[in-house]
Amino acid sequence: NMKKRGLLFLCLFLVLSLSLIAAQNETEQTKVDKAYQCLNSKISGKCSTLSSEEKAFSALATGSCRAELTTDSKFKTDVKYTSQAVLAMKGNSDGEAWLLTKTAVPTQLVWYLEIDGSGSTGCSVQYSGQSYTVNIGDDKKLSGNAGSCLVLDQNDYWLRVSSSCYDTEFSVSCNQNFLTTLLFKKSTSSTIHVSSKTSSAASGGTTKEKVQSSCFGQNNACDYEATSWASLALDSLGKDVSAYLPYLITLADENQRFLPDAFLFGLTGNNENKISLLSKQKSSQYWQESGDKFYDTALALYPLQSEVPQEKTNAKTWLLSSQDSEGCWEGNIRNTAFILASIWPKTVTGGGGGLPDCGNAG
């Protein structure tokens, strides 16, 4: 009898627990549905009257207002907006082509070429039809003349690449096993970043290195937030964005108001960026770097759509308790749309030349 009562109690406990979980899920879904209803009521038939960002994020969340994205005055005149529009449309060939005309070379970065061998090694460096001799000593220091594009620097351990030679390909060959890589840093910082690509070759082999350093902006001047959004949009379409990462990585510290860790984690999957991003949550509820905690929370969680860390669970609880009576967040169309697209996304079909919709593609 005791066993039967124990089993009955356990069954009742499980049923109640499952019912509780189901009720909680139903409550969350009800609130999310209310948020979508609120957003749709604010944008339905009104797309032409919305602000540029309201259109872009509404399209990202619901698929509405896409026709108005390319007729907005900021399309193909403003890098940040055009990037957000391309992202919301899942690709637009005109927008993509225009963005690529708005690149510049970051002037804040210094680049180095490292050549490392095992012991004393003789190497030749070829570029622009010329060949130069560079020797590696037992102490790893370099000596020799590598021409005007490559100057001995950093106590002769590396060759500094002249900014006028960033489009130059350097071919390196040595008489011992060797490796080459590129390094970069901000001109006012001592922190050195190592390129993700390292090349190696046996004696007599050849490696090739070329600086890839670009950003997005207007009038040949870099814009950190614009570069972040442009890189995110192009990456979502499967484009190579490696040339923009050095600028985003190196200038991150002085652009914290744009939550660079959110973009960098989304672009690289680097766990250090994820840890840094999650550590910036305020009061175990939200993110607030730009001054707008709803927008910043949506941005912080955008690259975490397939993950559920505790910080995300905490943020969802806070957000659901912060809805206004209509179901939106402070009646703000942009923020409501971004929150839904980031944290409670629905399948949005269609596109303008980008990747197929994930749901339709299986």
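Cut-offs and rules
- Residues numbered from 1 in each chain as written.
- Predicted model: local features only at pLDDT ≥ 70, side-chain atom pairs only at ≥ 80, totals over all residues.
- Heavy atoms only, no water.
- Buried < 20%, exposed > 50% of the residue type's maximum accessible area, 1.4 Å probe, protein only.
- Helix = DSSP H or I, 4+ residues; strand = E, 2+ residues; numbered from the N terminus.
- Pairing = 2+ DSSP bridges.
- Axes fitted to C-alpha atoms, helices over the stretch in contact; angles between N-to-C directions.
- Polar contact = N/O pair within 3.5 Å; in protein donor to acceptor, adjacent residues only side chain to side chain.
- Contact = heavy atoms within 4.5 Å.
- Salt bridge = Lys/Arg side-chain N within 4 Å of Asp/Glu carboxyl O.

Caption draft 1: View of the pairing of strand 3 (residues 121-127). Alternating positions in strand 3 separate cleanly, Thr121, Cys123, Val125 and Tyr127 being buried on one face and Gly122, Ser124 and Gln126 remaining unburied on the opposite face. Here strand 3 runs beside strand 4 (residues 130-136); their pairing, made up of 7 bridges, is antiparallel. By the bridge assignment for strand 4, Val125 is matched with Tyr132. Hairpin connection, strand 3 to strand 4: the antiparallel pair is bridged by 2 residues, and Ser128 has positive phi, about 50°.

Caption draft 2: Structural context of the sheet that holds strand 4. Overall, antiparallel pairing links the 5 strands, which are arranged 5-4-3-8-11 in an open sheet. Looking at the sheet topology across the chains shown, the edges are occupied by strand 5 (142-144) and strand 11 (206-209). Strand-to-strand twist in this sheet, taken as the mean axis angle between neighbours without regard to direction, amounts to 30°.

Caption draft 3: Summary view of unusual backbone geometry. The backbone of Lys76 sits at a positive phi, close to 65°, despite the residue not being glycine. In this structure, Lys76 sits in the loop between helix 3 (66-69) and helix 4 (79-88). Taking the relative accessible area as the measure of exposure, Lys76 reaches 35% and is therefore partly exposed. Phi at Asn155 takes a positive value of approximately 55°, unusual for a residue other than glycine. Counting through the fold element by element, Asn155 comes out in the loop between strand 6 (150-153) and strand 7 (158-161).

Caption draft 4: Spatial organisation of the side chain of Asn335. Tracing the chain through its elements places Asn335 in helix 12 (residues 333-343). Among the polar contacts listed, one links the side chain of Asn335 to the side chain of Asp292, at a separation of 3.1 Å. Beyond its immediate chain neighbours, meaning those up to four positions away, Asn335 contacts Asp292, Phe294 and Tyr295.

Caption draft 5: Summary view of the pattern of salt bridges. In the structure shown here, the tally under the stated rule is 15 salt bridges. Notably, a salt bridge pairs Glu225 with Lys80, separated by 3.1 Å at the nearest N-O pair. Highlighted residues: Glu225 in helix 6 (residues 224-236) and Lys80 in helix 4, separated in sequence by 145 residues. Of the charged contacts, one joins Lys239 and Glu96 as a salt bridge, the two residues approaching to 4.0 Å between their closest N and O atoms. Of the two residues, Lys239 is situated in the loop between helix 6 and helix 7 (245-250) and Glu96 in helix 5 (residues 93-99); the sequence distance between them amounts to 143 residues. Glu96 gets classed as buried once you look at its relative accessible area, which sits at 12%.

Caption draft 6: Region of interest: helix 2 (residues 52-62). Judged by how many residues are buried, helix 2 sits mostly within the fold: 10 of 11 residues are covered. Of the positions making up helix 2, those classed as buried are Ser52, Glu53, Glu54, Lys55, Ala56, Phe57, Ser58, Ala59, Leu60 and Ala61. Directly after helix 2, the chain includes Gly63, whose backbone phi takes a positive value near 90°.

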